[in-house]
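This is what each chain is made of:
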Amino acid sequence: DPVLALEGVTKTYNKGKPNAVEVLRGVSCTVARGEVVALVAPSGAGKSTLLHIAGLLDTPDAGSVRIGGDDMVGLSDRRRTIVRRNDVGFVYQFHHLLPEFSALENIVLPQLARGVPRSEARLRALDLMARVGVEDRAGHRPATMSGGEQQRVAFCRALANGPRLLLADEPTGNLDPETSDTVFDTLMDLVRATGLSCLIATHNMALAARMDRVLRMDTGTLSDG
Ligand code: ADP
Ligand code: ADP
């Protein structure tokens, strides 16, 4: 089974109202185990909506969402929350780290929520930080770190619970081009080393070309290439 499979997914915001917006018009796609897929779309095309549905943060009006072969659409909210916490990692354009906590704590907290003992969570956090080269920032709060460092910590947080699927929305979009390249390299090294499957939305064609496959999104539909 693919790690992620969407079939005929549709979504309209404000359905039935004068301000209805039909965002997804029957979207189908898969991400195989270990595959890194680029999602390239103009602004407003619906990529955030698609990523939210794939990550169980939102539900489609119709169509199926499967993670690891299991149907997600019929699951209870409680089961969806468990899948989201254990199997899916998210990275956004802005890091969304908790400002009052250290970098290390930001990576420890999601593990505590899953019931991992603190000592084990700390070790895993430090290992992830070392892999992306920010282990010396463990005690720093996000505001005292550079944009590139903040994103590296956000990658560690996304991987903290060992997800099967990483969903990323412009993960290097707020960095200057040079930093964006090196931070993207770091993310790819981490992803390849862990065999993680990824769907990564980007406007950056050079980055998209370095992924395994490119999906283009336009007016609510997807195509290869
Ligand atoms: P993208 O990430 O490609 O920029 P989005 O998925 O964020 O696109 O949004 C697609 C369209 O749906 C846009 O026109 C946006 O304004 C609209 N939209 C997104 N979320 C909502 C919402 N919660 N309610 C109403 N409209 C929304
Ligand atoms: P991104 O930068 O990732 O595309 P957006 O700025 O499009 O994010 O959207 C941020 C949040 O606001 C999302 O959760 C999206 O669902 C919501 N949103 C986007 N457009 C609208 C809208 N027109 N009405 C209500 N909510 C919206």
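See the structure shown above.
Reading guide: rules and limits
Residues numbered from 1 in each chain as written. Chains lettered and ligands numbered in written order. Predicted model: local features only at pLDDT ≥ 70, side-chain atom pairs only at ≥ 80, totals over all residues. Heavy atoms only, no water. 1 Å grid on protein atoms, 1.4 Å probe; cavity = no way out; pocket = protein on both sides within 12 Å on 5 of 7 lines; lining within 4 Å. Points joined across faces, edges and corners; volume = space filled by probe spheres on them. Helix = DSSP H or I, 4+ residues; strand = E, 2+ residues; numbered from the N terminus. Buried < 20%, exposed > 50% of the residue type's maximum accessible area, 1.4 Å probe, protein only. Near = heavy atom within 4 Å. Polar contact = N/O pair within 3.5 Å; in protein donor to acceptor, adjacent residues only side chain to side chain. Areas by Shrake-Rupley, 256 points an atom, 1.4 Å probe, with all protein chains shown as cover. Contact = heavy atoms within 4.5 Å. Phe/Tyr/Trp six-rings, centres within 6.5 Å; stacked < 30°, edge-to-face > 60°. Axes fitted to C-alpha atoms, helices over the stretch in contact; angles between N-to-C directions. Parallel < 35°, antiparallel > 145°, perpendicular 65-115°, else oblique. Left-handed = near helix turned anticlockwise from the far one by under 90°. Nonpolar A, V, L, I, M, F, W, Y, C, P; charged D, E, K, R; others polar. Expected span 1.5 Å × (residues − 1). Pairing = 2+ DSSP bridges.

A separate point is the layout of surface pockets. The space that makes up the largest pocket amounts to roughly 350 Å³. If you trace the largest pocket, you find 14 residues lining it, with Arg84, Arg85, Val88, Phe90 and Pro110 closest to the centre. Sorting the residues of the lining of the largest pocket by element identifies helix H2 (77–87), strand S6 (88–91), helix H3 (103–113) and helix H5 (147–159) as the ones contributing at least two each. It is H2 that provides the largest number of residues to the lining of the largest pocket, a total of four residues.

Let us now look at unusual backbone geometry. Notably, Asn14 is not glycine yet its phi reads approximately 55 degrees, a positive angle. Among the structural elements, Asn14 can be located in the loop between strand S1 (4–13) and strand S2 (21–31). For Asn14, a relative accessible area of 33% puts it in the partly exposed group. Here the phi dihedral of His96 falls at roughly 55 degrees; this positive angle occurs in a residue that is not glycine. One can find His96 in the loop between S6 and H3.

Before going further, it helps to spend a moment on the site of ligand 2. In the region of ligand 2, the neighbouring residues are Ser48, His52 and Asp169. One of the side-chain N or O atoms of Asp169 is found 3.2 Å from an oxygen atom in ligand 2. Across the complex, the protein chains shield 21% of the 550 Å² of accessible surface that ligand 2 would expose by itself.

As a further point, take the side chain of Ser180. The topology assignment puts Ser180 in helix H6 (residues 177–194). The buried category is assigned to Ser180, whose relative accessible area is 5%. Excluding its chain neighbours within four sequence positions, the residues that come into contact with Ser180 are Thr172, Leu175 and Leu207.

Scanning the entire structure with this criterion turns up one aromatic pair. A centroid spacing of 6.2 Å and a plane angle of 5 degrees characterise the contact between Phe90 and Tyr92, whose relative ring orientation is stacked. Its relative accessible area of 18% is what places Phe90 among the buried residues.

Moving on, we come to the packing of H3 against helix H4 (residues 118–131). Running from N to C, H3 and H4 cross one another at 130 degrees; their axes reach a closest spacing of 9 Å. Judged by the inter-axis angle, H3 sits oblique to H4. Crossing of H3 against H4: the hand is right-handed. Where H3 abuts H4, its residues Ala103, Leu104, Glu105, Ile107, Val108, Gln111 and Leu112 lie against Arg118, Ala121, Arg122, Arg124, Ala125, Leu126, Leu128 and Met129. For the contact of H3 with H4, a count of residues per class yields ten nonpolar, one polar and four charged.

Across its 13 residues, H5 extends 19 Å between first and last C-alpha, which sits within 8% of the 18 Å expected from 1.5 Å per residue. In terms of burial, H5 is largely enclosed, as twelve of its 13 residues are buried. For H5, the elements touching its buried residues are S6, H3, H4, strand S7 (165–169) and H6.

Moving on, we get to the sheet that holds strand S3 (residues 36–40). Taking strand neighbours across the sheet as the criterion, the six strands line up as S6-S7-S8-S3-S9-S10 in an open arrangement whose pairing is mixed. Pairing within the sheet leaves two strands with one partner each, and these edge strands are S6 and strand S10 (221–224). Mean inter-strand twist for the sheet, computed between neighbouring axes without regard to direction, equals 20 degrees. Relative to strand S8 (residues 197–201), S7 runs parallel, the two being bridged by five bridges.

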